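# Fold and contact review
So the chains spell out like this:
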Amino acid sequence: MKLNKYTIRDLQRDFPNDKACLDWLIKYFYPNGIYCKNCKRITKHHPIKSRPSYSCDICGNHVHPTANTIFHKSTTPLTLWFYAIYLMTATRAGISAKQLERELGVTYKTAWRMFHQIRKMMYDDKTPLGGEVEVDETYVGGKALNRRYAANFNEKPKEVVMGMVERGGQAKVRHVISSGTRSLLPQITKNVKIGAQIYTDQWPAYDTLPKLGFSHKSINHLEAYVHNNVHTQNIENLWSHIKRGIMGVYRHVDPKYLQAYVNEYAFRYSQRNNPQAMFWALMERVQKV
Ligand SMILES: [Zn+2]
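Residues numbered from 1 in each chain as written. Predicted model: local features only at pLDDT ≥ 70, side-chain atom pairs only at ≥ 80, totals over all residues. Heavy atoms only, no water.

### Focus on helix α6 (residues 181–191)
Here is the rule: Only protein chains enter the accessibility calculation, which uses a 1.4 Å probe. A residue is then buried if its area is under 20% of the maximum for its type, exposed if over 50%, and partly exposed in between. Working definition: helices are DSSP H or I runs of at least four residues, strands are E runs of at least two. Numbering for both runs from the N terminus. Note on definitions: a residue-residue contact is assigned when non-hydrogen atoms from the two residues lie within 4.5 Å.
Along α6, the residues that are buried comprise Ser 183, Leu 184, Leu 185, Gln 187, Ile 188 and Asn 191. Looking at the buried side of α6, the elements it contacts are β6 (132–140), β7 (159–166), β8 (171–176) and β9 (197–201).

Encoded structure:
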């Protein structure tokens, strides 16, 4: 089902102030009411005026709905956080930290921090991939995004990024230590269902996939890029988006921010068939940081 686009008017209606945002978090985290650790049951809680927390009506125990979220201990109002999430999901291509600074009226430093935190939320380690899955890795950093065989020893060390794309489905992208078996295979066993059909190129690191319970077919890119349905064109497509992003806007991505950076590309790819629902898809990940 296609959802209607969530507009700025919807956002303003749903989240007119910080209390509305906090109420949403409470309803989201405690759909059946708040369980009080002291009273050992669900009790009535009331909001505390001076801070973003709720208190048990009976024993006074405090509950912080922002705990384990990117909003925790932030001095930025929740309305601005929700607005930032809205802005980052309102367009197909997303926006920059600079645009966020302008739209929110906060400093660049604050905007950049929010931007990075929201990207962290785009990480998906639940929903494993199944069916037909294309797997590939690539190098990021230095002067360009190079294939493994094109490494130039005089350049800065490049970071390895691996991607897993379910045909017709979701994508996951991971910043990994190396392009070796021990670095790549654990990601596959973690993120792809046993029995899935995996397509890769002929990088030897993938040779042991059948031993781990996967079906595996590889394509020799020196001979052809597509042989019947054996190809990695979906993941190649995702790489080209990431490559254009890094070269066009950032030129250099600090390795410590690389995972968050690629999260956004994986998230957008996964939401590509229903971009209208992106705001709520991200709101559902509010606690996963
Ligand atoms: Zn209590």
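Past the structure itself, the notes keep going.
### With respect to the domain arrangement of the protein chain
For clarity, the threshold we go by: The split into domains, and so the bounds of each, comes from an automatic or database assignment of domains. The term buried area refers to how much accessible surface (probe radius 1.4 Å) is lost by two components on association, counted for both of them together.
The domain boundaries assigned to the protein chain delineate domain 1 (8–121) and domain 2 (132–279). A C-alpha centroid distance of 33 Å is found between domain 1 and domain 2. Each partner contributes residues to the interface: domain 1 has 16 residues there, and domain 2 has twelve residues. Both sides of the domain 1 and domain 2 interface together cover about 1,200 Å² of buried area, and 57% of this is carbon and sulfur.

### Side note on the pattern of salt bridges
Rules: Criterion for a salt bridge: a side-chain nitrogen of Lys or Arg within 4 Å of a carboxyl oxygen of Asp or Glu.
One pass over the full model with this rule turns up ten salt bridges. A salt bridge links Glu 101 to Lys 98; its shortest N-O distance comes to 3.0 Å. A residue pair is termed a helical-turn pair when its members lie 3 or 4 positions apart in one helix, as Glu 101 and Lys 98 do in helix α4 (residues 97–104) at three residues. What makes Lys 98 partly exposed here is its relative accessible area of 46%. Residues participating in the shared-partner salt-bridge network are Asp 10, Arg 13 and Asp 14.

### Comments concerning the environment of Trp 24
Here Trp 24 lies in helix α2 (residues 18–29). What makes Trp 24 buried here is its relative accessible area of 18%. The sequence separation of Trp 24 and Pro 65 amounts to 41 residues, and the corresponding C-alpha distance is 9.4 Å. In contact with Trp 24, not counting residues within four places along its chain, are Phe 15, Phe 82, Trp 280, Met 283 and Val 286.

### Considerations on the environment of Asn 32
As for its placement among the helices and strands, Asn 32 is situated in the loop between α2 and β1 (35–36). For Asn 32, a relative accessible area of 65% gives the class exposed. Sequence separation of Asn 32 and Ile 42 is ten residues, and the distance between their C-alpha atoms is 8.1 Å.

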